[in-house]
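Residues per chain are reported as follows:
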Amino acid sequence: MREYLLTLCVTAAVTYLLTGPVRKFAIAAGAMPEIRARDVHREPTPRLGGIAMFGGLCAGLLVADHLASLNGVFELSNEPRALLSGAAVIWLIGVLDDKFEIDALIKLGGQFIAAGVMVMQGLTVLYLPIPGIGTVSLTPWQGNLLTVALVVITINAVNFVDGLDGLAAGMVCIATAAFFLYAYRMWFRYGIEEAAPATLFAAILMGMCLGFLPHNMHPARIFMGDSGSMLIGLVLAAGAISITGQVDPDALKLFVGGERNATHAMLPVFIPLLLPLTIIAIPFADLILAIVRRTWQGKSPFAADRGHLHHRLLEIGHSHSRAVLIMYFWSALIAFGMVAYSVAKESMWFVMLVVVLSALGLLLLLLPRFTPRAPRWMEAFVPPRYRRRRNQVVASSAAGSPDGAAGAAAAEESDEADRTPVPAGVNGATAVGPRSRFN
């Protein structure tokens, strides 16, 4: 455990220290796109944060290769080299996209190539554990196609959720922490050495996210971009595929006590395949809602808008930071709940705890709806969020104008004028040095 923690700390430190110089390089290189209508941030912000994260990945693998307990992972398995090769391909595609905005089909092709590189070096799903049946061996073509599909889906799920400052890195870090506990338990309790590569990948991925988060929390000074989001998605998928393809159900002594007991006991084998779904769950729900919403409004399902889940959290009254923390909460509940269920799947206390935490999560989602408003004589003594002054200004503007609608529109135009961002550029709002304010 000490060597895993050392690898995590080195990865986090290298990522953190590289992010500052990478930010200056991104500004000088012009990797600062103009703000789009659907964006939440109000200042042009440099991307290319994935460069620092890739540096952290390389540093973590290099350190692990020189540690006594982890050196065997590199000697007995080719999976770390397969991960590094695939990560290099997807990182290069992401860097080009952050700078030149390459076509979506080219990015998708790059994702398939990166997954294929890992498959060619042995990082693939060898079999599928099925409850009540046992281990089903896959043909090489079946295993390769399933591996590529898992990698591409996970990469795009992480890329899709990257919509608020610190959201993608935090959610991936939470899911990876749960995955690390699961993989380490498989290695420590059952003595399965094949779980060591997945545990190492999880430790390195946590370090990458933790090192980047201080620069990416609201207000973000740099975005990870596609070079970062696709990279951490690939590492997350690689860990899940590694442990799924190597864990032998017979070594876990699962088939004892009849078919029903074997079915329940097989759950730990499914956890690696299910953990990436903790990242996909929220983005997938958002995707389905977006398709239904846009189709209902007569728009194309691919038309961009501001109706995603994180946009709705902001609209109902949550601050940027609170919206991110709420999505962190739900990710932690799903990821750690799944791992805990594999350990204590027959405990009623666990079920009750999940129910209570889910109710708490729903309360947090609806909290702005229950925000009390102070009487007028108390407005000077309470925080601004409990005052009615903004609503009164809009109402008075509407009442004082010849046309109430025109007054309200004027108030909205005034508010939008205050939100006009400073144009991007080397000497713009995000130039090296103090951050300027809005016009």
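Because the structure is a prediction, the values reported are computed rather than measured.

Conventions and cut-offs
Residues numbered from 1 in each chain as written. Predicted model: local features only at pLDDT ≥ 70, side-chain atom pairs only at ≥ 80, totals over all residues. Heavy atoms only, no water. Helix = DSSP H or I, 4+ residues; strand = E, 2+ residues; numbered from the N terminus. Buried < 20%, exposed > 50% of the residue type's maximum accessible area, 1.4 Å probe, protein only. Contact = heavy atoms within 4.5 Å. Areas by Shrake-Rupley, 256 points an atom, 1.4 Å probe, with all protein chains shown as cover. Polar contact = N/O pair within 3.5 Å; in protein donor to acceptor, adjacent residues only side chain to side chain. pLDDT = per-residue confidence, 0-100. Salt bridge = Lys/Arg side-chain N within 4 Å of Asp/Glu carboxyl O. Patch = residues over 30% accessible without salt bridge, like charges linked within 9 Å, V, L, I, M, F, W, Y side chains within 5 Å. Core = buried A, V, L, I, M, F, W, Y, C linked by side-chain atoms within 4.5 Å. Axes fitted to C-alpha atoms, helices over the stretch in contact; angles between N-to-C directions. Parallel < 35°, antiparallel > 145°, perpendicular 65-115°, else oblique. Nonpolar A, V, L, I, M, F, W, Y, C, P; charged D, E, K, R; others polar. Phe/Tyr/Trp six-rings, centres within 6.5 Å; stacked < 30°, edge-to-face > 60°.

Asker: How do you make sense of the overall build of the chain when you look at a structure like this?
Answerer: Helix and strand counts for the chain come out as 16 helices and two strands. Counting only residues that meet the buried cut, the chain has 45% of its 439 residues in that class. Long-range pairs, those at least 24 residues apart, make up 72% of the contacts in the chain with a sequence separation of at least 6. Carbon and sulfur atoms provide 66% of the accessible area of the chain, an area that totals close to 21500 Å².

Asker: What should I look at first to understand the environment of Asn 78 in this one?
Answerer: Structurally, Asn 78 is set in the loop between helix H3 (71-76) and helix H4 (79-100). As a C-alpha pair, Asn 78 and Gly 122 span 44 residues in sequence and 6.9 Å in three-dimensional space. Reaching out from Asn 78, the side chain makes a polar contact with the backbone oxygen of Gln 121 at a distance of 3.1 Å.

Asker: Please explain the confidence of the model for the chain as it appears in this structure.
Answerer: Interpretation of the predicted coordinates at a detailed level should be avoided for regions scoring low in pLDDT. When pLDDT is averaged along the chain, the result is 76; 66% of the residues meet or exceed 70. Between the elements of the chain, mean pLDDT differs from a low of 45, seen in helix H16 (residues 404-418), to a high of 94, seen in helix H2 (residues 50-65). Segment residues 254-260 is flagged for pLDDT under 50; beyond a separation of four residues in sequence, or across chains, it makes 12 contacts in the model.

Asker: Would you take a moment to explain the pattern of salt bridges for this structure?
Answerer: Pairs can form between side chains of opposite charge whenever their charged atoms are close. Tallied over the full model, the rule gives three salt bridges. Note that Asp 226 and Lys 107 form a salt bridge whose closest N and O atoms lie 2.7 Å from each other. Separated by 119 residues along the polypeptide, Asp 226 in helix H9 (residues 225-246) and Lys 107 in helix H5 (residues 104-120) bring together distant segments of the chain. With respect to class, Asp 226 is no different from Lys 107; both count as buried. Here the salt bridges do not stand alone but share partners, grouping Asp 97, Lys 107 and Asp 226 into one network.

Asker: Help me understand a nonpolar patch on the surface, please; the structure alone is not making it clear to me.
Answerer: Residues Leu 92, Leu 96 and Phe 100 make up a contiguous nonpolar surface patch of about 300 Å² in total accessible area. Relative to the elements of secondary structure, Phe 100 occurs in helix H4.

Asker: Help me understand the nonpolar core in this model?
Answerer: Counting 83 residues, the largest nonpolar core has Leu 57, Leu 231, Ile 232 and Leu 234 as its most contacted members. At 15 residues, the largest contribution of residues to this core is made by helix H7 (residues 167-190). Excluding anything up to four places from it in sequence, Leu 57 contacts Thr 11, Leu 83, Ala 87, Ile 204, Met 208 and Leu 231.

Asker: I keep staring at the packing of H4 against H5 and nothing clicks. Help me out?
Answerer: Between two packed helices, the angle of one axis relative to the other and the distance separating the axes together describe the packing. At their nearest, the axes of H4 and H5 sit 7 Å apart, and the two run at 170° to each other. As the angle between them shows, H4 and H5 are arranged roughly antiparallel. Contacts from Ala 82, Leu 83, Ser 85, Gly 86, Val 89, Ile 90, Ile 93 and Asp 97 of H4 reach H5 at Lys 107, Gly 110, Gln 111, Ile 113, Ala 114, Val 117 and Met 118. Looking at the contact of H4 with H5 residue by residue, the class counts come to nine nonpolar, four polar and two charged.

Asker: Explain unusual backbone geometry to me, please; I cannot follow it from the model alone.
Answerer: Glycine aside, a negative phi is what most residues show, and trans is what most peptide bonds show. Going from His 218 to Pro 219, the amide bond is cis rather than trans, its omega being -5°. Within the fold, Pro 219 resides in the loop between helix H8 (196-216) and H9. A positive phi is found at Leu 48, a non-glycine position, where the angle reads about 70°. Structurally, Leu 48 is set in the loop between helix H1 (2-29) and H2.

Asker: What exactly am I supposed to notice about the packing of aromatic side chains here?
Answerer: Given two aromatic rings, their pairing is described by the distance between the two centres and the angle made by the two planes. Taken as a whole and assessed by the stated rule, the structure comprises five aromatic pairs. Ring centres 5.9 Å apart and planes at 80° place the aromatic pair Tyr 4 and Phe 180 in the edge-to-face group. In this pair, Tyr 4 is assigned in helix H1 and Phe 180 in helix H7, connecting sequence segments 176 residues apart. A relative accessible area of 6% means that Phe 180 is categorised as buried. The interplanar angle of 10° and the centroid separation of 4.6 Å between the aromatic rings of Phe 54 and Trp 91 together place this pair among those described as stacked. With Phe 54 in helix H2 and Trp 91 in helix H4, this residue pair connects regions lying 37 residues apart in the sequence.

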